[in-house]
Amino acid sequence: MISFQKKALTLMLVLCFFSLSSKAQTVYSNKEFSRLGLYVGMTSSKLYRDTINYNSGILASGGFSYSMWLNDRVNIALDLIYSGRAIKRDSPITKYRFGYITVPLYAQYKFSESLRLNLGFDYSQYLNSQIATIDGSKKSGMNVQSFRSNVDSDYGVLAGMELDIKKDFTIGARYSYSLNSVTNNNSSYFGVFQFSIGYVMYRSHKQIFGKKEIAQ
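Here's what I pulled together on the structure shown here. (Residues numbered from 1 in each chain as written. Predicted model: local features only at pLDDT ≥ 70, side-chain atom pairs only at ≥ 80, totals over all residues. Heavy atoms only, no water.)

1. Examining the pairing of strand β2 (residues 55–69)
Put simply, the rule reads: The criterion for strand pairing is that DSSP finds at least two bridges linking the strands in question. We count a stretch as a helix when DSSP gives it H or I for four or more residues in a row; a strand needs E for two or more, and each element gets its number in order from the N terminus.
Bridge count for β2 against strand β3 (residues 74–90) is 11 bridges, and the pairing is antiparallel. Residue pairing across strands places Gly-63 opposite Ile-81, the latter belonging to β3. Between β2 and the antiparallel strand that follows it, β3, lie four residues.

2. Observations concerning the nonpolar core
Spelled out, the test is: Think of a nonpolar core as a cluster: buried Ala, Val, Leu, Ile, Met, Phe, Trp, Tyr and Cys residues, connected wherever their side-chain atoms sit within 4.5 Å. Each residue's exposure class comes from its accessible area (1.4 Å probe, protein chains only) as a fraction of the maximum for that residue type: buried when under 20%, exposed when over 50%, partly exposed otherwise. Note on contacts: a residue pair is in contact if any heavy atoms of the two residues lie within 4.5 Å.
Among the nonpolar cores identified, the biggest contains 10 residues, and these are Leu-47, Tyr-54, Ile-87, Tyr-96, Phe-98, Tyr-100, Tyr-126, Val-182, Phe-190 and Val-192. Mapped by element, the contributors of at least two residues to this core are β4 (93–110) and β9 (189–209). Ranked by residues supplied to this core, first place goes to β4 with three residues. Sequence-distant contacts of Val-192, defined by excluding residues within four places in its chain, comprise Thr-43, Ser-44, Ser-45, Arg-85, Arg-174, Tyr-175 and Ser-176.

3. What to know about the pattern of salt bridges
Defined as follows: Each salt bridge in this description consists of a side-chain nitrogen of Lys or Arg and a carboxyl oxygen of Asp or Glu lying within 4 Å of one another.
For the coordinates displayed, the defined rule picks out eight salt bridges. Arg-35 is the salt-bridge partner of Asp-164, the closest N and O atoms lying 3.2 Å from each other. Of this pair, Asp-164 sits in strand β7 (residues 153–164) while Arg-35 sits in strand β1 (residues 27–48), and the two are 129 residues apart along the sequence. A residue is classified by how much of its surface remains accessible, and Arg-35, at 5% relative accessible area, is buried. As a salt-bridge pair, Arg-174 and Asp-79 come within 3.0 Å of each other at their nearest N and O atoms.

4. As for the layout of surface pockets
Short version of the rule: Space inside and on the surface of the protein is sampled on a 1 Å grid over the protein atoms alone, with a cavity defined as a set of points where a 1.4 Å probe fits but cannot get out and a pocket as an open set with protein on both sides within 12 Å along at least 5 of 7 lines; lining residues have an atom within 4 Å of a point. Grid points are joined across faces, edges and corners, and a volume is the space filled by probe spheres set on the points. Each residue is assigned to one of three groups, with Ala, Val, Leu, Ile, Met, Phe, Trp, Tyr, Cys and Pro labelled nonpolar, Asp, Glu, Lys and Arg labelled charged, and all others, Gly among them, labelled polar.
For the largest pocket, the calculated volume is near 250 Å³. Lining the largest pocket are 17 residues, and of these Leu-47, Tyr-54, Ile-87, Val-182 and Thr-183 lie nearest its centre. Across the lining of the largest pocket, the residue classes tally to eight nonpolar, seven polar and two charged. In this structure, the second largest pocket spans a volume of roughly 180 Å³. Lining the second largest pocket are Lys-31, Glu-32, Phe-33, Trp-69, Leu-70, Asn-71, Asp-72, Lys-110, Glu-113 and Lys-206. If you tally residues by element for the lining of the second largest pocket, the top one is β1, at three residues.

5. Topic: the packing of aromatic side chains
To be explicit about the condition: Here is the rule: rings of Phe, Tyr and Trp (six-membered ring for Trp) pair when centre to centre is within 6.5 Å. Planes less than 30 degrees apart are stacked, more than 60 are edge-to-face, and the remainder are tilted.
Counted under the stated rule, the structure contains nine aromatic pairs. Plain terms: the ring middles of Tyr-109 and Phe-111 are 5.2 Å apart, the flat faces sit at 80° to each other, and that makes the pair edge-to-face. Aromatic pair Phe-169 and Tyr-199: ring centres 5.3 Å apart, planes at 55°, arrangement tilted. Highlighted residues: Phe-169 in strand β8 (residues 169–178) and Tyr-199 in strand β9, separated in sequence by 30 residues.

6. What to know about unusual backbone geometry
Residues other than glycine seldom take positive phi values, yet Arg-49 does so here, at roughly 60°. Tracing the backbone through its elements, the reader meets Arg-49 in the loop between β1 and β2. Residue class for Arg-49 comes out exposed when judged on its relative accessible area of 58%.

7. Focus on the environment of Gln-145
Inspection of the secondary structure assignment puts Gln-145 in strand β6 (residues 142–146). When the C-alpha atoms of Gln-145 and Gln-130 are compared, they prove to be 5.5 Å apart, with 15 residues separating the residues in sequence. When residues no more than four places from it in sequence are discounted, the contact partners of Gln-145 are Ser-129, Gln-130 and Ile-131.

8. Concerning the pairing of β8
Burial along β8 is one-sided: Thr-170, Gly-172, Arg-174, Ser-176 and Ser-178 are buried, while Phe-169, Ile-171, Ala-173, Tyr-175 and Tyr-177, pointing the other way, are not. In this sheet, β8 lies alongside β7 in antiparallel orientation, the contact comprising nine bridges. In the sheet register, Leu-158 faces β8, and the bridge partner there is Ser-176. Counting the residues that bridge the hairpin from β7 to β8 gives four residues.

Written out as structure tokens, the structure is:
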């Protein structure tokens, strides 16, 4: 699992390096070429093909996103995020919480310079999981214990929208549809809605022409 995280981080750093290397040039257009952003938000998770009727639960999410402009209409983007997933039962009150490191890879179709449609795939690596039950003897009223998930990884498809609300701030909504069962018997699959607020930490712009060497 540590190896997977290193590979994902290395891939994002390589993409950022290619973008940052354009700093050696002297003249740029006003069109954005790539961006690196920080995102925080929340997830609402639900199981489909669920025979027990769990309710959806809410947890936190956050991480980094790198996108590169391919042309005037299409971008390609890669994220590295922590994705919390939760489901619960009302009788008896029981909450299940799962933590994943998720790497979404997707295309962005630009309706305008500020509004984008996201379509793609994601891969998630399991980190941890907890079960919380009502316990009057605990100060918090809940007894929280760790338990082991039956499945170490997940993969699926995603769709969403992203909107620039100010120069350096964006809001986004995304739904991920799992193609791998959360249990070993291929019965239940995660559906995860994510709402996020992003801050653009770095932008690069398309080069018009490069620096000319002066003859000695």
